[in-house]
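Chain by chain, the residues run as shown.
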Amino acid sequence: MPSEVLLTTDLSYPAFRRGKVRDVYDLGDSLLIVATDRISAFDCVMPNGIPEKGRVLAQTSNFWFDTLPEAKPNHVMSREALMDALNKAGHPEWADRSVLGVKTDPLPIECVVRGYISGSLWKEYLAACREAGPGNAVVVHGYTLPAGLKESDRLPEPIFTPATKESSGHDINISYDRAAEIVGAKIADEARGRSIALYNAAAAYALRRGIIIADTKFEFGIRNGQVILIDEILTPDSSRFWPADAYEPGHGQPSFDKQFVRDYLETLDWDKTPPAPQLPAEVVEKTAAKYREAFELITGAAK
């Protein structure tokens, strides 16, 4: 595989959106999504990227789209249509870091599923426990959770915790009822059901391959009245992937993502606002290795 780092793209198609990682182009009834090798931390994009990261993200996501029946219907168009779009743009070499997807009206919520208690849910649980008092079960996001859970514990069942989509900063967790107010009860119910089914199928598969999917997020859009799965799914950027053989509740877990980047940045005298500092070669190499390892474990293919 090529080892060059792709940080920017500039195609002849109209730009639709440029995110922290992906550049999206408007092809009329479809969107050409190119995953670059950019990496962000603390909501800042680093000046240097991670080799092959975009390819790993795109190919991991495409693997799930192709493999899981629960991932259909989705936005992914044919390989032939993708190659036609990239050939016209003069960049057929980007095929394995790109996807051509049908255009939808995206739902204005993130569909988050959590199978383990970590991150913002752990903080919310601790706050609820303090308010409820020792030994009492608590209700978080409409779900009753038992007293005495430890950080990273597996939840009694996966829970659906939707969030807003913020243009800057972190998304905000909201209740299911609030999500239903935003998108309508019928669509919210379908999004919740499909999200949990997707998580359950992917988590069971990944566990057999040595990875715990602690939590993940999905996005859906509406096309001709149908709810369509869009964006990327079940990658180290949209999910918490933990190595199953190192799992130990009671603290944070090692993960297949950009933790090396976060850990390095925490050692610096940096206020976590742009411009972000340059990443040293060792941090880049370790992060790239984690992304590749996750891809290889999940798909069984070498990257």
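Since we're looking at a predicted model, the values are computed, not measured. (Residues numbered from 1 in each chain as written. Predicted model: local features only at pLDDT ≥ 70, side-chain atom pairs only at ≥ 80, totals over all residues. Heavy atoms only, no water.)

1. Here we look at the pattern of salt bridges
Opposite charge on two side chains allows them to pair when their charged atoms are near. Within this structure, the stated rule accounts for 22 salt bridges. The partner of Arg18 in a salt bridge is Asp23, with the nearest N and O atoms 3.1 Å apart. By relative accessible area, Arg18 is classed as partly exposed at 44%. The class for Asp23 is buried, based on a relative accessible area of 1%. Each of Arg18, Asp23 and Arg38 takes part in one network of salt bridges that share partners. (Salt bridge = Lys/Arg side-chain N within 4 Å of Asp/Glu carboxyl O. Buried < 20%, exposed > 50% of the residue type's maximum accessible area, 1.4 Å probe, protein only.)

2. Some remarks on the side chain of Asp215
For Asp215, the location among the structural elements is in strand E13 (residues 211-223). Only 2.6 Å separates the side chain of Asp215 from the side chain of Arg240, close enough to count as a polar contact. Excluding residues within four positions of it along the chain, Asp215 makes contact with Val113, Arg114, Tyr199, Ser239 and Arg240. (Helix = DSSP H or I, 4+ residues; strand = E, 2+ residues; numbered from the N terminus. Polar contact = N/O pair within 3.5 Å; in protein donor to acceptor, adjacent residues only side chain to side chain. Contact = heavy atoms within 4.5 Å.)

3. Examining helix H7 (residues 281-299)
Relative to the 27 Å expected for 19 residues at 1.5 Å per residue, H7 spans 27 Å between its end C-alpha atoms, a close match to the ideal helical length. Regarding H7, the residues found buried are Val283, Val284, Thr287, Ala288, Tyr291, Ala294, Phe295, Ile298 and Thr299. All buried residues of H7 project into a common sector of 130° when viewed along the axis, lining one side. Facing away from the buried surface of H7 by more than 90 degrees, the exposed residues are Ala281, Glu282 and Glu285. (Expected span 1.5 Å × (residues − 1). Arc of directions from axis to C-beta.)

4. Some words on the sheet that holds strand E6 (residues 98-102)
Two orientations exist for strands paired in a sheet by backbone hydrogen bonds: parallel and antiparallel. Pairing is antiparallel across the open sheet formed by 4 strands, whose spatial order is E1-E2-E3-E6. Taken across any chain shown, the strands that pair with only one partner, and hence form the sheet edges, are strand E1 (15-18) and E6. Across this sheet, the average inter-strand angle for adjacent strands is 20°, counted without regard to direction. (Pairing = 2+ DSSP bridges. Axes fitted to C-alpha atoms, helices over the stretch in contact; angles between N-to-C directions.)

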